[in-house]
Each structure stands twice: as C-alpha cells, then as structure tokens.
Amino acid sequence: MPQTKVSPAEAVEQEIDDAIERLRAAVVKSRSSPDVAAEGARAVAALNELYARHKDAFTAENVRFANVLRGFLGERLAAHQPAKAHARRAKRKGDKLDHCWRCKTPVDERFTGECPTCSEKAYKWRVCPVCNGCGCQRAGKVLI
Ligand SMILES: [Zn+2]
Ligand SMILES: [Zn+2]
C-alpha cells in the first residue's frame, strides 16, 4: 500500500518550505515592482509566526536563507523609492558594524529606532529602517 500519510514533523517542515518559498517569490517580484510590499509583509509575518510555534523545526539553513531573503526584500523595495542623500551616522561605542548586518544599508539618519526587546543597558540595537533588522534575529527571538 502506498505510504501517503505525512507525519506531523514532516507537515511542519513542508509548511516552513512553503512559507520560505512565498517570501522568495515576493523577493523575485520586488526587483521589478514595489507593489509586492504587502505580499512580502504577509510572507514575513507567516514565517515569524511559524517560527514562534515551531522554532526547533527550522534548520540553520532555513534561518540563514530566510534572513538573506528578508534583507533582499527590504533593499529591493527601498530601491524603488526616489534616490535621496542620507547623512551617515558615526559608530557608537560597542557598534561592530557601520551598516546593517543583514541588508548592508549604511547607518544613516533614518536609523532612529532602538529595539526594546533585544537592547540592554550596555548596548542598544538600532532597528534597520530598510529591512527591520535588529538584534532579535541574531538572538533567535524572532526569525526575520
Ligand atoms: Zn537592514
Ligand atoms: Zn530587537
């Protein structure tokens, strides 16, 4: 008899693959169109929600790839905005990078928000205005 039953673990893996694929599709479209912002945001929300429920089912590669895609999505959507000069901001004490770790956007005047979830007294994480990255993804508190 053919085996058609999928185990719960396999079903979750499939759900993760499908959700990553939806984000990938949005990233591909975002190169030519800014209209996929909502579709991209839905894919991001779905992945973060899946991660909150099934963190252990995500492989290191799932996490890495989803973050790469999220970085591209931000960058490509931002590239549709009118070009504007930005004022670079200096590194602060404790900053290892002068750009976003995920989408590589140089830190400028748009980096105004600090994330209360991953910031500590000793070090405040700025939230990237382009890809929304902060320290939460690196700490595994959220996926993307
Ligand atoms: Zn970024
Ligand atoms: Zn954070």
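Details of the structure are given in the entry above.
Let me sum up the structure you'll find in this document. The structure presented is a predicted model; accordingly, all values stated were derived computationally and were not measured.

Attention now goes to the overall build of the protein. Helix and strand counts for the protein stand at 3 helices and 0 strands. Starting at the N terminus, the α and β elements of the protein follow one another as α-α-α. For the protein, buried positions account for 29% of its 144 residues.

The subject of this paragraph is the nonpolar core. Ala19, Leu23, Leu47 and Ala66 are the most contacted members of the largest nonpolar core, which has 20 residues in total. Residue assignment for this core shows that the elements contributing at least two residues are helix H1 (8-30), helix H2 (37-54) and helix H3 (60-79). Filtering out sequence-adjacent residues up to four positions away, Leu47 remains in contact with Ala19, Ile20, Leu23, Ala66, Leu143 and Ile144. Grouped together as the second largest cluster of nonpolar side chains are 8 residues, Trp125, Cys128, Cys131 and Cys134 included.

This part is about H3. Taking 1.5 Å of rise per residue, 20 residues should cover 28 Å, and H3 covers 29 Å from first to last C-alpha, within 8% of that figure. For H3, every residue scored as buried is listed here: Ala66, Leu69, Arg70, Gly71, Phe72, Leu73, Gly74, Arg76 and Leu77. Where H3 is buried, its residues contact H1 and H2.

Turning next to unusual backbone geometry. Located in the positive-phi region is Lys104, a residue other than glycine, with phi close to 70 degrees. By the element assignment, Lys104 lies in the segment after H3. Judged by C-beta crowding, with 13 C-beta atoms within 10 Å, Lys104 ranks as partly exposed. Despite not being glycine, Asn132 has its phi angle at roughly 70 degrees, a positive value. Considering the arrangement of structural elements, one finds Asn132 in the segment after H3. Under the C-beta neighbour-count criterion, Asn132 is labelled buried, with 22 such atoms within 10 Å.

Attention now goes to the environment of Lys29. Its location among the elements puts Lys29 in helix H1. Classification of Lys29 as partly exposed rests on a count of 16 C-beta atoms within 10 Å.

On a C-alpha basis, the gap between Asn132 and Thr105 in space is 11 Å, while along the polypeptide they are 27 residues apart. Apart from residues no more than four positions distant in its own chain, Asn132 is found in contact with Gly74 and Val127.

Where H1 contacts H2, the two axes come as close as 9 Å, and the packing angle between them is 155 degrees. With respect to their mutual orientation, H1 and H2 come out roughly antiparallel. Read as a crossing pair, H1 and H2 show a hand that is left-handed. Residues Val12, Glu15, Ile16, Ala19, Ile20, Arg22, Leu23, Ala26 and Ser30 of H1 touch H2, and the partners they reach there are Glu39, Gly40, Ala43, Val44, Ala46, Leu47, Leu50 and His54. Partitioned by chemical class, the residues of the contact of H1 with H2 number 11 nonpolar, 3 polar and 3 charged.

Reading guide: rules and limits
Residues numbered from 1 in each chain as written. Chains lettered and ligands numbered in written order. Predicted model: local features only at pLDDT ≥ 70, side-chain atom pairs only at ≥ 80, totals over all residues. Helix = DSSP H or I, 4+ residues; strand = E, 2+ residues; numbered from the N terminus. Buried ≥ 20, exposed ≤ 12 C-beta atoms within 10 Å, placed from the backbone. Core = buried A, V, L, I, M, F, W, Y, C linked by C-beta atoms within 7 Å. Contact = placed C-beta atoms within 7 Å. Expected span 1.5 Å × (residues − 1). Axes fitted to C-alpha atoms, helices over the stretch in contact; angles between N-to-C directions. Parallel < 35°, antiparallel > 145°, perpendicular 65-115°, else oblique. Left-handed = near helix turned anticlockwise from the far one by under 90°. Nonpolar A, V, L, I, M, F, W, Y, C, P; charged D, E, K, R; others polar.

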